[in-house]
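Structural overview for review
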Amino acid sequence: MTVPLISPSILSADFARLGEEVRAVDAAGADWIHVDVMDGHYVPNLTIGPMVVKALRPHSDKPFDVHLMISPVDPYLQAFADAGADHIIVHPEAGPHVHRTLQEIRRLGKKPGVSLNPGTPAKMLDYLIDEVDVVLIMSVNPGFGGQKFISSQLRKIEAVRKMIEKSGRKIWLEVDGGVDPQTAPLCVDAGADVLVAGSATFRGGPDCYAANIAALKGAG
Ligand code: DX5
Ligand code: ZN
């Protein structure tokens with residue numbers, strides 16, 4: 001079975017010690033660092049902005065996987081690119097012109113990603129797939145960590161895997177929300193190669209991070 005990459009969501013980290021937390025998950029085997037940016041408008045929660053991304057940047061050499069749940073999104077792309085984001089992932093609904101947004105991320109020298117909410121069909125990718133390096137399937141409704149995995153999204157992961165194979169390009173297929181050692185293998189079997197995990201990475205505190213990440217990779 002494919003061993004997935006793990007992208008811990010720092011939404012579940014101790015916000016008073018974010019730099020240390022990023023160093024700890026990096027040392028514990030994280031492949032990417034997932035940063036959830038929320039605006040209290042596109043989603044009903046507020047988190048962090050580009051200044052925090054910039055402050056965290058020196059704490060890890062791993063790719064920063066920046067998930068923007070903000071609307072409008074275009075006015076902030078440059079700031080996140082300058083702050084050190086490697087992947088910039090946007091939601092089509094955050095609009096107004098997602099195709100142009102993805103091209104702009106590419107122009108900024110970053111890897112563009114598109115994220116599909118649980119209610120958004122795989123078909124949304126038909127005219128976007130050639131523009132992206134990452135597809136992020138939301139297996140919870142965006143806004144909060146610690147929610148229950150929505151199993152219907154496994155079918156979407158399978159459908160998107162087929163679309164990626166057909167594209168002939170390397171595109172990461174990432175799953176976000178409710179991923180734990182029980183749901184991780186289901187996602188991988190359906191075709192995912194990167195798993196975001198907030199609660200399942202950070203539970204138990206720093207002494208548990210390495211075992212938590214190993215368990216998500218299927219070695220626990
Ligand atoms: C939800 C975020 C997720 C979330 C994952 O809007 O995009 O990245 O933090 O948290 P867990 O792994 O706890 O479901
Ligand atoms: Zn996320």
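Worth saying up front: this structure is predicted, and the values here are computed from it rather than measured.

**Let's talk about the side chain of aspartate 176**
As for its position among the elements, aspartate 176 is in strand β7 (residues 172-176). Although aspartate 176 lies buried, it forms no salt bridge, and the closest oppositely charged side chain, lysine 156, sits 12 Å away as judged by the N-O distance. A polar contact is formed between the side chain of aspartate 176 and the side chain of histidine 67, at a distance of 3.2 Å. Here aspartate 176 is in contact with His34, Asp36, His67, Leu136, Ile137, Met138, Ser139, Val140 and Val196, once residues within four sequence places are set aside.

**Some thoughts on the packing of aromatic side chains**
Going through the model one piece at a time under the given rule, you end up with two aromatic pairs. For the ring pair tryptophan 32 and tryptophan 172, a centre distance of 5.5 Å and an interplane angle of 90° mean the geometry is edge-to-face. Residue tryptophan 32 is located in the loop between α1 (18-27) and β2 (33-38), and its partner tryptophan 172 is located in strand β7; the two are separated by 140 residues in the primary sequence. Judged by its relative accessible area of 5%, tryptophan 32 is buried.

**What about the site of ligand 1?**
Around ligand 1, 20 residues are found, and the nearest of them are Asp36, Gly143, Asp176, Gly198 and Ser199. Glycine 146 is positioned with one of its backbone polar atoms (N or O) 2.8 Å from an oxygen atom of ligand 1. In the environment of ligand 1, an oxygen atom lies 2.8 Å from a nitrogen or oxygen atom belonging to the backbone of glycine 178. For ligand 1, whose unbound accessible area comes to 380 Å², protein coverage reaches 99%. Put simply, ligand 1 lies in the largest pocket. Going through the elements one at a time, β2, β3 (64-69) and β8 (194-197) are the ones with two or more residues in the shell around ligand 1. When residues in the shell around ligand 1 are grouped by element, the largest group, three residues, is from β2. The class makeup of the residues in the shell around ligand 1 is eight nonpolar, 10 polar and two charged.

**Some details on the coordination of the zinc ion (ligand 2)**
Within the protein, the atoms that donate to the zinc ion (ligand 2) are His34 (NE2), Asp36 (OD), His67 (ND1) and Asp176 (OD), at distances of 2.0 to 2.3 Å. Viewed at the metal, the six donor atoms of the zinc ion (ligand 2) are separated by angles of 68 to 167°, and the geometry they form is octahedral. A residue is classified by how much of its surface remains accessible, and histidine 34, at 0% relative accessible area, is buried. Histidine 67 sits in the buried class, given a relative accessible area of 0%.

**Topic: the pairing of β2**
For β2, a buried count of six out of six residues is recorded, marking the element as mostly surrounded by other parts of the structure. Of the two faces of β2, the one lined by Ile33, Val35 and Val37 and the one lined by His34, Asp36 and Met38 are each fully buried. Bridge analysis of β2 against β3 gives six bridges, and the strand direction is parallel. Bridge pairing in β3 places aspartate 36 opposite histidine 67. Between the parallel elements β2 and β3, the chain passes through helix α2 (residues 50-56) in a crossover that is right-handed.

**Examining the sheet that holds strand β5 (residues 111-116)**
Strands sit in the order β1-β8-β7-β6-β5-β4-β3-β2 across an open sheet of eight strands; the sheet is parallel. Pairing within the sheet leaves two strands with one partner each, and these edge strands are β1 (5-8) and β2. Each strand axis lies, on average, 25° off the axis of its neighbour in the sheet, ignoring direction. In this fold helix α5 (residues 153-167) packs onto β5, β6 (134-138) and β7, with an angle of close to 165° to the strand it touches most, β6.

**Section: unusual backbone geometry**
Backbone torsion omega between serine 71 and proline 72 reads 0°, so that peptide bond is classified as cis. Examined against the element boundaries, proline 72 turns out to sit in the loop between β3 and α3 (77-83). In this structure, proline 96 follows glycine 95 across a cis peptide bond, with omega equal to 5°. Tracing the backbone through its elements, the reader meets proline 96 in the loop between β4 (87-90) and α4 (98-107).

**Considerations on the pattern of salt bridges**
Scanning the model with the defined rule gives 13 salt bridges in all. Between aspartate 86 and arginine 57 there is a salt bridge, and its shortest N-O distance comes to 2.8 Å. Of this pair, aspartate 86 sits in the loop between α3 and β4 while arginine 57 sits in the loop between α2 and β3; the two residues are 29 residues apart in sequence, bridging distant segments of the chain. For aspartate 86, a relative accessible area of 28% corresponds to the partly exposed category.

Conventions and cut-offs
Residues numbered from 1 in each chain as written. Chains lettered and ligands numbered in written order. Predicted model: local features only at pLDDT ≥ 70, side-chain atom pairs only at ≥ 80, totals over all residues. Heavy atoms only, no water. Helix = DSSP H or I, 4+ residues; strand = E, 2+ residues; numbered from the N terminus. Buried < 20%, exposed > 50% of the residue type's maximum accessible area, 1.4 Å probe, protein only. Lys, Arg positive; Asp, Glu negative; His and termini not counted. Salt bridge = Lys/Arg side-chain N within 4 Å of Asp/Glu carboxyl O. Polar contact = N/O pair within 3.5 Å; in protein donor to acceptor, adjacent residues only side chain to side chain. Contact = heavy atoms within 4.5 Å. Phe/Tyr/Trp six-rings, centres within 6.5 Å; stacked < 30°, edge-to-face > 60°. Near = heavy atom within 4 Å. Areas by Shrake-Rupley, 256 points an atom, 1.4 Å probe, with all protein chains shown as cover. 1 Å grid on protein atoms, 1.4 Å probe; cavity = no way out; pocket = protein on both sides within 12 Å on 5 of 7 lines; lining within 4 Å. Sits in = over half its atoms within 2 Å of the grid points. Nonpolar A, V, L, I, M, F, W, Y, C, P; charged D, E, K, R; others polar. Donors = N, O, S within 2.8 Å, 3.2 Å for Na, K, Ca; no water. Tetrahedral: all angles 85-135°; square planar, octahedral: opposite > 155°, others 65-115°. Pairing = 2+ DSSP bridges. Right-handed = clockwise from strand over helix to strand, strands pointing away. Axes fitted to C-alpha atoms, helices over the stretch in contact; angles between N-to-C directions.

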